[in-house]
Amino acid sequence: QVQLVESGGGLVQAGGSLRLSCAASGRTFSNYAMGWFRQAPGKEREFVARISGSGGSTSYADVVKGRFTISRDNAKNTVYLQMNSLKPEDTAVYFCAADPPGWPPSYDYWGQGTQVTVSS
């Protein structure tokens, strides 16, 4: 089992920045690729970013590419999402998820989410 707890959400003006954190406990953190997802009211959950277990590989949704950066610190069992140039359409609940080894990604473990609200 992996337990995930997100933090760092809040209210920010358009153009501002936030840094989300996701603290993990349980099995060896570096074995898991980690992802960030988000869900806006009335919309389906969507992929935001992914990072490999070592941190050497990342991928992003096109809508956040160039504005968001995913990173991880395996010594602290934490993954981060740095969000810059925020837009009102980035408003959503943001979730982190842990993906155990294997293909395709399964994201078996999820946090409870943290609210991000971007005002215009």
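One structure accompanies this document, and this report is about it. The shown structure was predicted, so the numbers you read here are calculated from the model rather than taken from an experiment.

Looking at the nonpolar core
Here is step 1 of the chain: Residues Leu4, Met34, Trp36, Leu81, Met83 and Tyr94 are the most contacted members of the largest nonpolar core, which totals 31 residues.
Here is step 2 of the chain: Not counting the four nearest positions on each side in its chain, Met83 is found in contact with Gly16, Ser17, Leu18, Leu20, Arg67, Phe68, Tyr94 and Val116.

Considering the state of the cysteines
Here is step 1 of the chain: Using the criterion set out here, one finds 1 disulfide in the structure.
Here is step 2 of the chain: Across the disulfide from Cys22 sits Cys96; the S-S distance is 2.0 Å. Note on the Cys22 and Cys96 pair: the S-S dihedral is about 55 degrees, so by sign convention the disulfide is right-handed. On the criterion of sequence distance, the pair formed by Cys22 in strand β3 (residues 18-26) and Cys96 in strand β9 (residues 92-99) is long-range, its members being 74 residues apart. The same class applies to Cys22 and to Cys96, which are both buried.

Description of the side chain of Glu6
Here is step 1 of the chain: Relative to the elements of secondary structure, Glu6 occurs in strand β1 (residues 2-7).
Here is step 2 of the chain: Among buried Asp, Glu, Lys and Arg side chains, Glu6 stands out as unpaired, with Arg45 the closest opposite charge at 9.3 Å.
Here is step 3 of the chain: A polar side-chain atom of Glu6 sits 2.9 Å from the main-chain amide nitrogen of Cys96.
Here is step 4 of the chain: Here the side chain of Glu6 touches Gln112 through a polar contact of 3.0 Å, landing on its backbone nitrogen.

Quick word on the sheet that holds strand β8 (residues 78-83)
Here is step 1 of the chain: Read from one edge to the other, the open sheet built from 4 strands follows the order β1-β3-β8-β7, with strand pairing classed as antiparallel. Pairing within the sheet leaves two strands with one partner each, and these edge strands are β1 and β7 (68-73). In this sheet, adjacent strand axes meet at a mean angle of 15 degrees when their direction is disregarded.
Here is step 2 of the chain: By the bridge criterion, 6 bridges tie β7 to β8 in an arrangement that is antiparallel. Counterpart to Phe68 in the pairing with β8 is Met83.

Let's talk about the pattern of salt bridges
Side chains that differ in sign of charge can pair as their charged atoms come close.
Here is step 1 of the chain: Following the criterion strictly, the structure yields 5 salt bridges and no others.
Here is step 2 of the chain: With a shortest N-O distance of 3.1 Å, Lys65 and Asp62 are connected by a salt bridge.
Here is step 3 of the chain: With a closest N to O distance of 2.7 Å, Asp90 and Arg67 form a salt bridge. In this pair, Asp90 is assigned in the loop between β8 and β9 and Arg67 in the loop between β6 (58-60) and β7, connecting sequence segments 23 residues apart.
Here is step 4 of the chain: Note on Arg67: relative accessible area 12%, which makes it buried.

Structural notes on the side chain of Asp90
Here is step 1 of the chain: With a relative accessible area of 1%, Asp90 lands in the buried category.
Here is step 2 of the chain: Within the structure, the side chain of Asp90 is placed 2.9 Å from the side chain of Arg38, a separation counted as a polar contact.
Here is step 3 of the chain: For Asp90, the residues in contact, after removing those within four places along its chain, are Arg38, Arg67, Phe68, Ser85, Val116 and Val118.

What counts and how
Residues numbered from 1 in each chain as written. Predicted model: local features only at pLDDT ≥ 70, side-chain atom pairs only at ≥ 80, totals over all residues. Heavy atoms only, no water. Core = buried A, V, L, I, M, F, W, Y, C linked by side-chain atoms within 4.5 Å. Buried < 20%, exposed > 50% of the residue type's maximum accessible area, 1.4 Å probe, protein only. Contact = heavy atoms within 4.5 Å. Disulfide = S-S within 2.5 Å. Helix = DSSP H or I, 4+ residues; strand = E, 2+ residues; numbered from the N terminus. Lys, Arg positive; Asp, Glu negative; His and termini not counted. Salt bridge = Lys/Arg side-chain N within 4 Å of Asp/Glu carboxyl O. Polar contact = N/O pair within 3.5 Å; in protein donor to acceptor, adjacent residues only side chain to side chain. Pairing = 2+ DSSP bridges. Axes fitted to C-alpha atoms, helices over the stretch in contact; angles between N-to-C directions.

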